[in-house]
Amino acid sequence: LTLYRIFLKLPFFSNLDLFLFSLIAGLIVYWLIFRKKAEPIPEFKKPQTTRETSFIDKMKKTGKNIVVFYGSQTGTAEEFANRLAKDAHRYGMKGMSADPEEYDLSELSRLTEIENSIAIFCMATYGEGDPTDNAQDFYDWLHEGDADFSGVKYTVFALGNKTYEHYNAMGKYVDQRLAELGAQRIFDLGMGDDDGKLSENSWVCLSLSLSLSVCLSIRQYELKVHSDLNMNKIYTGELGRLKSFENQKPPFDSKNPFLAPVTVNRKLNKAGDRHLMHLELDITGSKIRYESGDHVAVYPINDSVIVNRIGDLLGVDLDTVISLNNLDEESNKKHPFPCPTTYRTALTHYLDITNPPRTNVLYELAQYATEPKDQENMRKMASSSAEGKALYQSWVLDSCRNILAILEDFPSLRPPIDHLCELLPRLQARYYSIASSSKVHPNSIHICAVVVEYKTKTGRVNKGVATNWLKNKMPADNGHKATVPMYIRKSQFRLPFKSSNPVIMIGPGTGIAPFMGFVQERGWLKEQGKDVGETVLYYGCRYKNEDFLYQEELEEFEKTGVLTALNVAFSRDQAEKVYVQHLLKKNKEAVWRLVHTDNAHIYICGDARYMARDVQNAFYEIAEELGGMSRAQAVDYIKKLMTKGRYSQDVWS
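Read on for an overview of the structure. (Residues numbered from 1 in each chain as written. Predicted model: local features only at pLDDT ≥ 70, side-chain atom pairs only at ≥ 80, totals over all residues. Heavy atoms only, no water.)

### A closer look at the overall build of the protein
Here's step 1: Within the protein, the secondary structure is distributed over 22 helices and 22 strands.
Here's step 2: Counting over 653 residues, the protein shows a buried share of 49%. (Helix = DSSP H or I, 4+ residues; strand = E, 2+ residues; numbered from the N terminus. Buried < 20%, exposed > 50% of the residue type's maximum accessible area, 1.4 Å probe, protein only.)

### Focus on the pattern of salt bridges
Here's step 1: Per the stated rule, a full pass over the model turns up 34 salt bridges.
Here's step 2: Between Arg631 and Glu624 there is a salt bridge, and its shortest N-O distance comes to 2.8 Å.
Here's step 3: If you follow the salt bridges from partner to partner, you end up with Asp57, Lys60, Glu107, Arg110 and Glu113 in one network. (Salt bridge = Lys/Arg side-chain N within 4 Å of Asp/Glu carboxyl O.)

### Topic: the nonpolar core
Here's step 1: Core analysis: the biggest nonpolar cluster contains 39 residues, and Ile310, Leu347, Leu351 and Ile353 have the highest contact counts within it.
Here's step 2: Sorting the residues of this core by element identifies helix H8 (304–314), strand E11 (321–326), helix H9 (343–350), helix H10 (359–366), helix H11 (372–382), helix H12 (386–397), helix H13 (403–409) and helix H14 (417–423) as the ones contributing at least two each.
Here's step 3: The element best represented in this core is H8, accounting for five residues.
Here's step 4: One finds Val536, Leu584, Met611 and Met629 within the second-largest nonpolar core, a separate group that totals 31 residues. (Core = buried A, V, L, I, M, F, W, Y, C linked by side-chain atoms within 4.5 Å.)

### Some words on the pairing of strand E19 (residues 535–541)
Here's step 1: Most of E19 is tucked away, with seven of its seven residues classed as buried.
Here's step 2: Here E19 shows no split at all, with Thr535, Leu537, Tyr539 and Cys541 on one side and Val536, Tyr538 and Gly540 on the other all buried.
Here's step 3: Sheet analysis places strand E18 (residues 503–506) next to E19, joined by four bridges and oriented parallel. Counted as the bridge partner of Val503 is Thr535 from E19.
Here's step 4: Since E18 and E19 lie parallel, the crossover through helix H16 (residues 513–527) that links them has a hand, and here it is right-handed. (Pairing = 2+ DSSP bridges. Right-handed = clockwise from strand over helix to strand, strands pointing away.)

### Considering empty space enclosed by the protein
Leftover empty space is mapped by rolling, across the atoms, a probe with the size of a water molecule.
Here's step 1: Overall, the coordinates contain one cavity of 30 Å³ or more when judged by the stated rule.
Here's step 2: One number sums up the size of the largest cavity: a volume of about 30 Å³.
Here's step 3: Lining the largest cavity, in full, are Val591, Trp592, Val595, Phe619, Ile622, Ala623, Tyr637 and Ile638.
Here's step 4: Those elements that place two or more of their residues in the lining of the largest cavity are helix H20 (588–597), helix H21 (611–627) and helix H22 (631–643).
Here's step 5: The class makeup of the residues in the lining of the largest cavity is eight nonpolar, no polar and no charged. (1 Å grid on protein atoms, 1.4 Å probe; cavity = no way out; pocket = protein on both sides within 12 Å on 5 of 7 lines; lining within 4 Å. Points joined across faces, edges and corners; volume = space filled by probe spheres on them. Nonpolar A, V, L, I, M, F, W, Y, C, P; charged D, E, K, R; others polar.)

### A look at the packing of aromatic side chains
Here's step 1: Evaluation of the coordinates by the stated rule reveals 21 aromatic pairs.
Here's step 2: The interplanar angle of 65° and the centroid separation of 6.1 Å between the aromatic rings of Tyr126 and Tyr431 together place this pair among those described as edge-to-face. Placement of the pair is Tyr126 in the loop between strand E3 (118–124) and helix H5 (136–144) and Tyr431 in strand E13 (residues 430–433), with a sequence separation of 305 residues.
Here's step 3: Accessibility expressed as a relative area gives 13% for Tyr126, which makes it buried.
Here's step 4: With a centroid separation of 6.0 Å and an interplanar angle of 15°, the aromatic rings of Phe337 and Tyr350 are classed as stacked. Here the residue Phe337 occupies a position in the loop between E11 and strand E12 (341–342), and Tyr350 occupies one in helix H9, the gap between them amounting to 13 residues. (Phe/Tyr/Trp six-rings, centres within 6.5 Å; stacked < 30°, edge-to-face > 60°.)

### Here we look at the packing of H20 against H21
Here's step 1: Between H20 and H21, the shortest axis-to-axis distance is 10 Å and the interhelical angle comes to 90°. What the angle tells us is that H20 and H21 run roughly perpendicular. Counting all contacts with H20, which are made through Lys588, Glu589, Val591, Trp592 and Val595, the residues of H21 involved are Phe619, Ile622, Ala623, Glu625, Leu626 and Gly627.
Here's step 2: Here the residues of the contact of H20 with H21 sort into seven nonpolar, one polar and three charged. (Axes fitted to C-alpha atoms, helices over the stretch in contact; angles between N-to-C directions. Parallel < 35°, antiparallel > 145°, perpendicular 65-115°, else oblique. Contact = heavy atoms within 4.5 Å.)

Right under this line is the structure:
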């Protein structure tokens, strides 16, 4: 084909060109005529993989009639899907959990071939109402496709957080779209709020039309202890490929993170009892690309003190090499975490041991409590009764008890460590808004974070896993490089395509992070001679002389005109607290002109529960007062800005 294109494009040929062309053509003709007849022309096929992409064929082969698909970013939806699939047999059914990324979802219409079949979708929502990474293709296919799902029975359980603007958007969309394509909704959409207690127990009862009262303890994995395994075959913290941390190969992603050396780690605040920090990760030679507004995901490790204490309480040798193998040989998920490995590695790198355990973990562990009172309390907290829910809320959630605290406070509870490892959820990557621009820092990614540490109601001190681990990642010393396993998570939080559009950025505290990248990029664009619109920042902190992050850099940006206006709310420098929303209302005329007349883009980063809501209310009030709108009209006005991509949020709770 290449020769043919060249032939068409050249106006004339030399004798050598014609000779070579004739020679190649002759060889092709010779091969066609004189090749061995016993060798038929092979039919082109896609390379065969060992992974089965037909979930229908797999369900038929394994006798399953329930398939539970999950869209999961942090592991909660996947954990819930696995539990649903595992528990199905309690109700006379057989279930399998499935990652939509691994199967051909167009086969959903064939589900009617399996008697008494149900498709359950456990769908989490990410960011601005987006699908999770593993559900992106499924979402695109649903959005663009025109399938006929007549006769397919389904139900959807959405997992989200009410504090976010787009609460359970993905679950709602999947539920609505499947119905539009003819599928039969057998139970109403379940809405899980992770800010409170996920209402899975009552929803599962409803979904399977049976009681949860006959619960048995069912193991999904069996333990194999290795006594003479070659150390080179044991996982030591890798997420995917064995030895991937020793022999790094791009492309780098969630299954293959890049070990980025830490080149800068400095404290940002000048005083106070908090520790706010700025880190810089070197990505030279990694081929990693990022844009302002993207997130960097880092994989932390658990505190060795907690790991060792769990080992001591359970009386086990943490350096025992083990594998947990799925009892369902047909399952794509062979192990709950990379195996073979040691208990120490599992508890350090792979399992979440610092968050309060969910109710299903308490229920499963209760059987190992030798004191009847302990067993009764654990089962009560795992029940769907009002008393049980209240006890779980106060004793576990409000008191911030992790699995170690529960083992300490229930002295008779000493479960087998392999069952504990099976039940605990996976330790997830932590996402940070990147605090730099790749235009200015192509080989470096900046992180701005606050170290999490607090005292619980039980008197224990809880520490944030990732921030305390990052705090101790100091730059290379004595030839040793401190590294962070990381990858990039693309975001929709983007500067306007036209640099001439004004931007209004609102980011108190560490919410300043993406705006450091935005301001750096606007400055770079100015240096390139581009027409750059007004760049306005609203930042907030407690005290000017204590935690005004990046003060020198921001004031320099204002001095050079990169920042048109730097508005800072110091909430505690005066008797009456002042926050960013107060400054927005104080500057309402300028804000309204930028938004309504000059087509400014609005960006908000930081706390979702209070700040983002209060800022949005401030915009409603400005639209009402200066736009002559009713509250309903003002709400609609802001909604339209969101739809047009002119009101973007990067928030967390």
